[in-house]
Amino acid sequence: AYGLIADTCKTQFHFELGCSMVNNPPTGEEGITSILNSFGIDQINRSRPLTVNDQGLCRKFAQLNLWSGRRSMDSAGFETALERFEHGLSFLNDDSYWETDYELMLNLTDSASLASYITTKSDALEHHVNQTLTHAKTILDMFNAYSVHVRSLCTRGFESDAISLVLSVVRVLGEDFEDLNSLSSSTLNRLAKDELLSTRELLEATGKDQLLQFEIMTDVNKLWVMKLMSYVIMEMFRSRPLLMAVLSCKMIKLSIHYGVCEATCIALIMYSVSMMDDPDNVDHCHYWGKVAQALFSTFDNPDSTMIHRIEQYFHSLVGVWIEPHQAVCNTFQSNYKTCVRSGDNETSTEILVWYCLMNTLCGANLLALDDAFIDAGRKMAEMFQYQLLVFLACLHEHVAKLAGKDGSELFHLTNGPFQNENELLDFAIANDKSKLMKTVYFMKLFDSFWSRDFARGRIHCTEYFSVTSTTSIDSVFAWFYYGLMAFDAARNQPTEKENYLRIGEESLSNMRKWATHSTWNYQNKLYLLEAEYYYTQDMKIEAKSKYELAIQSSKFHRFGHEEGLCFYLYSSFCSALGDISLARHHLMNARRCYERWGLNQFRTNSPVVMK
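About the criteria used
- Residues numbered from 1 in each chain as written.
- Predicted model: local features only at pLDDT ≥ 70, side-chain atom pairs only at ≥ 80, totals over all residues.
- Heavy atoms only, no water.
- Helix = DSSP H or I, 4+ residues; strand = E, 2+ residues; numbered from the N terminus.
- Buried < 20%, exposed > 50% of the residue type's maximum accessible area, 1.4 Å probe, protein only.
- Contact = heavy atoms within 4.5 Å.
- Areas by Shrake-Rupley, 256 points an atom, 1.4 Å probe, with all protein chains shown as cover.
- Lys, Arg positive; Asp, Glu negative; His and termini not counted.
- Charge placed at Lys NZ, Arg CZ, Asp CG, Glu CD.
- Core = buried A, V, L, I, M, F, W, Y, C linked by side-chain atoms within 4.5 Å.
- Salt bridge = Lys/Arg side-chain N within 4 Å of Asp/Glu carboxyl O.
- pLDDT = per-residue confidence, 0-100.
- Axes fitted to C-alpha atoms, helices over the stretch in contact; angles between N-to-C directions.
- Parallel < 35°, antiparallel > 145°, perpendicular 65-115°, else oblique.
- Left-handed = near helix turned anticlockwise from the far one by under 90°.
- Nonpolar A, V, L, I, M, F, W, Y, C, P; charged D, E, K, R; others polar.

J.: Got a sec to walk through the overall build of the chain? Specific residues and values, please.
T.: A tally of helices and strands in the chain yields 30 helices and zero strands. By residue count, 58% of the 611 residues in the chain fall in the buried class. Restricting to contacts in the chain with at least 6 residues of sequence separation, those with at least 24 account for 68%. Accessible area for the chain stands at about 25,300 Å²; split by element, carbon and sulfur atoms hold 50% of it. When the 55 positive and 74 negative side-chain charges of the chain are each reduced to one mean point, those points stand 7 Å apart.

J.: Explain the nonpolar core residue by residue, including any values.
T.: Within the largest apolar cluster, 209 residues are counted, with the highest numbers of intra-cluster contacts made by Met 270, Phe 442 and Tyr 481. Looking at this core element by element, the count peaks at 13 residues for helix α24 (residues 474–492). Aside from chain neighbours lying at most four places away, what touches Tyr 481 is Phe 442, Leu 445, Phe 446, Phe 449 and Trp 450.

J.: Help me get a handle on unusual backbone geometry, residues and values and all.
T.: One non-glycine residue, Asn 301, adopts positive backbone phi at about 50°. With respect to the helices and strands, the residue Asn 301 is situated in the loop between α15 (282–296) and α16 (304–318). Judged by its relative accessible area of 76%, Asn 301 is exposed. Positioned with a positive phi, Arg 558 is a non-glycine residue whose angle comes to about 65°. Among the secondary structure elements, Arg 558 is positioned in the loop between α27 (540–556) and α28 (560–577). Relative accessible area serves as the criterion here: at 52%, Arg 558 is assigned to the exposed category.

J.: I'd love a proper account of the pattern of salt bridges, names of residues and values included.
T.: Counting across every chain of the model gives 18 salt bridges. A salt bridge links Lys 444 to Glu 421; the nearest nitrogen and oxygen atoms lie 3.2 Å apart. Here the residue Lys 444 occupies a position in helix α22 (residues 434–450), and Glu 421 occupies one in helix α21 (residues 421–430), the gap between them amounting to 23 residues. The exposure class of Lys 444 is buried, given its relative accessible area of 14%. Through salt bridges with shared partners, a single ionic network connects Glu 195, Lys 250 and Lys 253.

J.: Describe the confidence of the model for the chain, with residues and values.
T.: Here the chain averages 87 in pLDDT, while 92% of its residues score no lower than 70. Low confidence marks residues 603–611, where pLDDT is under 50. Its contacts with residues over four positions away, or in another chain, come to 17 contacts.

J.: Tell me what's going on with the environment of Ile 118, and back it up with residues and numbers.
T.: Here Ile 118 lies in helix α6 (residues 102–118). Apart from the residues within four sequence positions on either side, Ile 118 is in contact with Met 73, Phe 78, Gly 343 and Asn 345.

J.: Go over the side chain of Arg 309 with me, naming the residues and quoting the values.
T.: Mapped onto the secondary structure, Arg 309 falls in helix α16. A relative accessible area of 7% means that Arg 309 is categorised as buried. When sequence neighbours within four positions are dropped, the list of residues in contact with Arg 309 reads Ser 230, Tyr 231, Ile 266, Asp 344 and Thr 347.

J.: So what's going on with the packing of helix α18 (residues 345–362) against helix α20 (residues 386–402)? Residues and values would help.
T.: It is at 10 Å that the axes of α18 and α20 come closest, and there the two elements cross at 20°. As the angle between them shows, α18 and α20 are arranged roughly parallel. Crossing handedness for the pair α18 and α20: left-handed. Here Glu 346, Thr 349, Glu 350, Leu 352, Val 353, Cys 356, Leu 357 and Thr 360 of α18 come into contact with α20, specifically with Leu 388, Phe 391, Leu 392, Leu 395 and Val 399. Considering only residue class, the contact of α18 with α20 consists of nine nonpolar, two polar and two charged.

Structural data, given as structure tokens:
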């Protein structure tokens, strides 16, 4: 029957059908009414070339589009939601509506901005944000537009602009945190240390129980200050770690004076991250990270995106120091699916990077990892999440190389002025992106270590530790690799023995502290470092015992690639003692472990192979 309607009449048909549905809802049938309203406004939107002059109808159709769009957002229909919001605005296409229907226009533009951001429609996002900022009557009415704009800047790699914007808006809202952007590194470093020390004293004096019973923050200006800062604090973790430390402390102090809010939980976690530089602080940091989770559970109707961020920040930056690394990988996988369903692009891509990194460090099969990296990178490119894609591209290049594959694909997707890791490093240095620099150096040392190029690996370790940045879990592995390479150099370079022995002993000291916090994650690494230390000191009986314990611990705790490493180093030890038969036996075990890992080539300078 529809096909029999003349094309020139179809527009009118859709309009009349839609109007009959939304104007004559059945009484007492709420569910049916919702369906008819949704279907009806869709019919009216399809008739949009038809001009509607009745302002009352325009207002009604705009309200129905706002209602329908929000329903679509709730069910993860973000593309449909954006269409609804923009159709709603098309019925109010005169600036006079900002005077007569201010709340409706504000709600439509704010909703359209958020939907544009989630669906990565950057031109639409910029248009809707500008509409709000142009017509909003108060700074608080601009908040949602600023929030989306800040998140978009962070996503697209303009974190400095995002941080500057947040600090300027926060200043308007009444919290002038000095001109933190203009402070020198040395001044900011001193300020960060003072803030962390005073905040630690304040938290310990307050205690968990009292904090969980604090009043909810009600000052609207303070709430917006907290929320805005929570949006950029992760970007500070990557590029401005000292500024992150200062602002997380200030957020905690605001909470203690004016009451707690959801952003308080973010601040507690990032404070914990800032304190993680000292291995002795791991338990303290983990404790306050758990307090952040407990505090968040006390809020009624929490923001869904905040739930994802708190879980992600805790597990990737705090929990990972203590909880079994394989379990953390499983948590990332579960959280990723939840974030995608809710349209939380930032957190979902953050999870993808951490999921790939932790699986790499845990010894997941390299060939399977190569596929996982490529799949993750393509998803991130589709969402224009270039800021994090560059990290993933850096990780992937070395994982692919160890697997015998080409690792250049993700660099071609980054939309940046670089096509390989060295160009990325130059970019990071030129733009003072400390976390990116550190990631590049770490993956270089990771590759060099597993490729048995220890001389180059030690250079990359020096580069890695020369960069000032907040400590993250890769630093444990950097110290582990550095210690093993240092003990190797101490045995093979007599003139430099004392220097390399000192480095190895520092690595061993740090690993002993970390192992007290997590036997699962660090025991095997501690045993292997001790074995290499005893070997270097010519304490053969002690070394033999530690090698065997390291092998058992690696196998039990499911670090298969490190089990292979233990076998390999034990083989070299046996070879040095002249026990070639046992050395060959351990070398074959190492080969089997490495083959399961997917290592492309078993590179070795082992005397066993030479003989």
